[in-house]
Amino acid sequence: MNHGQYRRSEMLVDMIHKDFGGFHPGYRDVHAQGRYYAGTFQATQEASKISRAVHLQGDAVPVSVRHSNSASGLPWGPATSTSMAVKFYLPDGTVTDLISLPMPLFVARTADETYELLEAGRLDPATGKPDPAKFSNFLAARPWIANAVKLFVGLPSAVSFAQTEYYALHAFRFVNAKDEIQYGRYQWVPQAGVAGQTREELEKKPPSYLFEELEARLRAGPVFFDLMVQLASEGDPTDDPTAPWPEDRPRLKLGQLKVTRPTTVEEIGDVVMMHDPTRVTDGIEVSEDPVLAARRGVYELSVAYRTGGWKGRQAALERAGCPFLGGNQAPRK
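What counts and what doesn't
- Residues numbered from 1 in each chain as written.
- Predicted model: local features only at pLDDT ≥ 70, side-chain atom pairs only at ≥ 80, totals over all residues.
- Heavy atoms only, no water.
- 1 Å grid on protein atoms, 1.4 Å probe; cavity = no way out; pocket = protein on both sides within 12 Å on 5 of 7 lines; lining within 4 Å.
- Points joined across faces, edges and corners; volume = space filled by probe spheres on them.
- Helix = DSSP H or I, 4+ residues; strand = E, 2+ residues; numbered from the N terminus.
- pLDDT = per-residue confidence, 0-100.
- Contact = heavy atoms within 4.5 Å.
- Buried < 20%, exposed > 50% of the residue type's maximum accessible area, 1.4 Å probe, protein only.
- Pairing = 2+ DSSP bridges.
- Axes fitted to C-alpha atoms, helices over the stretch in contact; angles between N-to-C directions.
- Core = buried A, V, L, I, M, F, W, Y, C linked by side-chain atoms within 4.5 Å.
- Expected span 1.5 Å × (residues − 1).
- Polar contact = N/O pair within 3.5 Å; in protein donor to acceptor, adjacent residues only side chain to side chain.
- Phe/Tyr/Trp six-rings, centres within 6.5 Å; stacked < 30°, edge-to-face > 60°.
- Lys NZ or Arg CZ within 6 Å of the ring centre and 35° of its normal.

## Quick word on empty space enclosed by the protein
Here the idea is plain: a probe the size of a water molecule rolls over the atoms and shows the empty space left.
Piece 1. Applying the stated criterion across every chain yields a total of one cavity of 30 Å³ or more.
Piece 2. Taken as a whole, the largest cavity encloses approximately 80 Å³ of empty space.
Piece 3. At three residues, strand 4 (residues 95–100) tops the list of elements feeding residues into the lining of the largest cavity.

Structure, rendered in structure tokens:
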């Protein structure tokens, strides 16, 4: 990523801090509420035909799964929108990540459009809601964003992490042992079936409801997901996460995820647990999708703020108006 992309990532993180839950030291900027689970992933025989990635050759590999019950940066409720981040632990000691959301398309084509969308949807302090005229005019001029937003708004909320479909949003480039290339988009399909409810129904439940529901399931037995990939045909856009591919594109089952029990970052041995959608492994490559490229910078900056890394713990705490610094720092507006 070039320096300009990192500057745009910083602007996106700044806006999230200001308008989408604030900055809370130690917590992620988005999907702040989360718990970890242990499991394994085992690929199908067909997976090796499109990729030489080691975890797609058929041997079971350990994984950790982080579920979140809200897209916001608030460390407390209510539950609103789920996510699933899977980290594959490879035999050579490296890892690769797969981050997915319950929506098949992203809402913008570039980092700049993402920023403009967030700007158009900023809450009016007087009403606590976006300016409807401003937001409508923004969408009217960008029908591809309007289509993705309409799709997102129409999605049901989860009744269970174990009964939600998750999508990785972006195209990835798969390379097999013969150096043949195939583009595809990932999808996690729950073996328990898909079910949903309204957001209002979900918000009536305790903030920890989805975690407790999943953990009750796990006490009775494992939870399974099938990892599917929709394969692109010639002419399908691989650099635009707002553009759907035709439904008749073939889908291949890459493997099965088996989630077995809760775990912790202490047990895993990685207290930071950064999930990076661009952290791939030999046999899987990132596409030319500019949103995918920008996400690396956003995640790195988020980690720096919540851990006090190279951005500086002092600056991060001052940003939050932490009362323990001495003096009376006000939260950054």
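## Remarks on the confidence of the model for the protein chain
Piece 1. When pLDDT is averaged along the protein chain, the result is 86, and 84% of the positions lie at 70 or above.
Piece 2. Low pLDDT, under 50, characterises residues 310–314; the predicted model gives this stretch eight contacts beyond four residues in sequence or across chains.
Piece 3. Every residue in residues 316–333 scores below 50 in pLDDT, and together they form 24 contacts with partners more than four places removed in sequence or on other chains.

## Observations concerning unusual backbone geometry
Piece 1. Within the chain, Leu 169 stands out as a residue other than glycine whose phi angle is a positive 75 degrees.
Piece 2. Here Leu 169 shows up in strand 6 (residues 166–175).
Piece 3. Its relative accessible area of 3% is what places Leu 169 among the buried residues.
Piece 4. Here the phi dihedral of Asp 179 falls at roughly 65 degrees; this positive angle occurs in a residue that is not glycine.
Piece 5. Judged by its relative accessible area of 52%, Asp 179 falls in the exposed class.

## Topic: the sheet that holds strand 2 (residues 61–68)
Piece 1. Strand order in the open sheet formed by nine strands is 4-3-2-1-10-9-7-6-11, with antiparallel pairing between adjacent strands. Only two strands of the sheet have a single neighbouring strand rather than two, namely strand 4 and strand 11 (284–286). The average angle at which neighbouring strand axes cross in this sheet is 35 degrees, direction not considered.
Piece 2. For strand 6 and strand 11, the ladder comprises three bridges, and the chain directions are antiparallel.

## Some points on the nonpolar core
Piece 1. If you look at the biggest cluster of nonpolar residues, it comprises 41 residues, and the most contacted ones within it are Phe 41, Phe 88, Tyr 186, Trp 188 and Leu 257.
Piece 2. A total of five residues in this core trace back to one element, the largest contributor, which is strand 9 (residues 223–231).
Piece 3. If you look at the next biggest cluster of nonpolar residues, it comprises 14 residues, including Met 103, Val 107, Ala 120 and Val 149.

## Describing helix 9 (residues 290–307)
Piece 1. In a regular helix each residue adds 1.5 Å, so 18 residues correspond to 26 Å; helix 9 covers 26 Å between its end C-alpha atoms and thus fits that length.
Piece 2. In terms of residue burial, helix 9 counts as a mostly covered element, since 13 of its 18 residues are buried.
Piece 3. N-capping of helix 9 is provided by Asp 289, with a side-chain oxygen placed 2.9 Å from the backbone N of Val 291.
Piece 4. Once helix 9 finishes, Gly 308 follows within two positions and takes phi at roughly 70 degrees, a positive value.

## Some details on the pairing of strand 10 (residues 251–263)
Piece 1. Of the strand pairs in this sheet, strand 1 (residues 34–43) and strand 10 are connected by eight bridges, and their pairing is antiparallel. What sits directly across from Phe 41, in strand 10, is Leu 257.
Piece 2. Alignment of strand 9 against strand 10, held across eight bridges, turns out to be antiparallel. Bridging from a neighbouring strand, Met 228 pairs with Lys 253 of strand 10.

## Focus: the packing of aromatic side chains
Piece 1. All chains considered together, the criterion is met by six aromatic pairs.
Piece 2. With centroids separated by 5.4 Å and ring planes inclined at 75 degrees, the aromatic side chains of Phe 174 and Tyr 186 adopt a geometry described as edge-to-face. Note that Phe 174 is positioned in strand 6 and Tyr 186 in strand 7 (residues 181–190), a separation of twelve residues in sequence.
Piece 3. Every member of this aromatic cluster is reached through a ring pair, and the members are Phe 41, Phe 88 and Trp 188.
Piece 4. The ring of Trp 144 carries Arg 109 above its face, with NZ or CZ at 3.9 Å from the centroid.

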